[in-house]
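# Working through the structure, step by step
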Amino acid sequence: MSKTLLKFSIIALCFTLFNCKNKSASFTNYKYADKENILVCDNLDTKLYFEALLSFEDDITNKYNPQNKDLRRSYSFFTRDAIANRVNYQDIVSPHTMEVFEALKQDKYLWNADNSINYNADIFKCVSSNFKNKDLQTTFNALVSTNSMRPDLFGAPLIKHVKNAHDDRYMAAYIALDLFYARLFQVDPTTVTEKPETDKANTNKAVKGTPQNVILNSEKKG
């Protein structure tokens, strides 16, 4: 290898490493820095993705189960509604989550040119390979490999296992990125405000007309 080619290779490598580090370095307002980052991916800085996950989870529990903060139930309700396109994201998202989203938007590998999710991004390769349910992992990878991956197609198998999202943190990360953050392009950040505290006596209103003692089909076997 010539010295000139070697020099250009070193410069390109440094530029790539700088971009990877700079993606998280540009965001500094970490609200959950004291939490242990359980998204472990080889050669990938997941600090921002982990912040995105926890911020998303706070938002959905505040919306779907504000009294008990039951993450399992919140995931079940949110995922069901998101797949059916019944989520009012403006009504759920908090200012901090929108701030995280603005940082995620700078991750050019996470998005396609039309702002749709890039399922071939490194974070999705890591997330899908770490799903605890191997059938779900196989389905996801098969859809991606055939360029057929869409939330509506993946939704049916996902609903069967979403009750475990509070425990399967990689599946939770998929839900956060594809069913939540990918939909925030439609939300005007200037209109996002802190949500008022929900009256605990009226918790049932958090999920439109759904009593808190109702057990979802996806929860019955769990």
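Conventions adopted
Residues numbered from 1 in each chain as written. Predicted model: local features only at pLDDT ≥ 70, side-chain atom pairs only at ≥ 80, totals over all residues. Heavy atoms only, no water. Helix = DSSP H or I, 4+ residues; strand = E, 2+ residues; numbered from the N terminus. Buried < 20%, exposed > 50% of the residue type's maximum accessible area, 1.4 Å probe, protein only. Contact = heavy atoms within 4.5 Å. Areas by Shrake-Rupley, 256 points an atom, 1.4 Å probe, with all protein chains shown as cover. Disulfide = S-S within 2.5 Å. Phe/Tyr/Trp six-rings, centres within 6.5 Å; stacked < 30°, edge-to-face > 60°. pLDDT = per-residue confidence, 0-100.

## Things to note about the overall build of the protein chain
- The secondary structure content of the protein chain amounts to nine helices and zero strands.
- Every one of the 222 residues in the protein chain was classed for burial, and the buried ones make up 46%.
- Sequence-distant contacts, at least 24 apart, represent 67% of the contacts inside the protein chain between residues at least 6 apart.
- Of the roughly 12,300 Å² of accessible surface on the protein chain, a fraction of 52% belongs to carbon and sulfur atoms.

## Here's the deal with the state of the cysteines
- For the coordinates displayed, the defined rule picks out one disulfide.
- A sulfur-sulfur separation of 1.9 Å characterises the disulfide bridge that pairs Cys-41 with Cys-126. Disulfide Cys-41-Cys-126: torsion about the S-S bond near -80°, hence left-handed. With a gap of 85 residues between them, Cys-41 in the loop between α1 (3–25) and α2 (47–64) and Cys-126 in helix α6 (residues 122–129) connect regions that are remote in the sequence. A single burial state applies to Cys-41 and to Cys-126, both of which are buried.

## Focus: the environment of Lys-108
- In this fold, Lys-108 is placed in the loop between α5 (95–104) and α6.
- In the structure, Lys-108 is positioned ten residues away from Asn-118 in sequence and 9.4 Å away in space, judged by C-alpha atoms.

## With respect to the packing of aromatic side chains
- Tallying each qualifying case throughout the model produces 23 aromatic pairs.
- Pairing Tyr-64 with Phe-78 gives two aromatic rings, centres 6.4 Å apart and planes at 75°, and the pair type is edge-to-face. A residue pair is termed long-range when its members are at least 10 positions apart, and Tyr-64 in helix α2 and Phe-78 in helix α3 (residues 71–83) qualify at 14 residues.
- Tyr-64 gets classed as buried once you look at its relative accessible area, which sits at 4%.
- Among the residues examined, Phe-78 registers a relative accessible area of 0% and is labelled buried.

## Points about the confidence of the model for the protein chain
- In the predicted model, the protein chain carries a mean pLDDT of 84, and 77% of its residues have values of at least 70.
- Helix α9 (residues 169–180) holds the highest mean pLDDT among the elements of the protein chain, 98, whereas α1 holds the lowest, 45.
- Overall, residues 4–22 carries pLDDT values under 50, and its contacts beyond four positions in sequence, including any with other chains, amount to two contacts.
- For residues 199–222, every residue scores under 50 in pLDDT, and the model assigns this stretch 37 contacts once sequence neighbours within four places are set aside.

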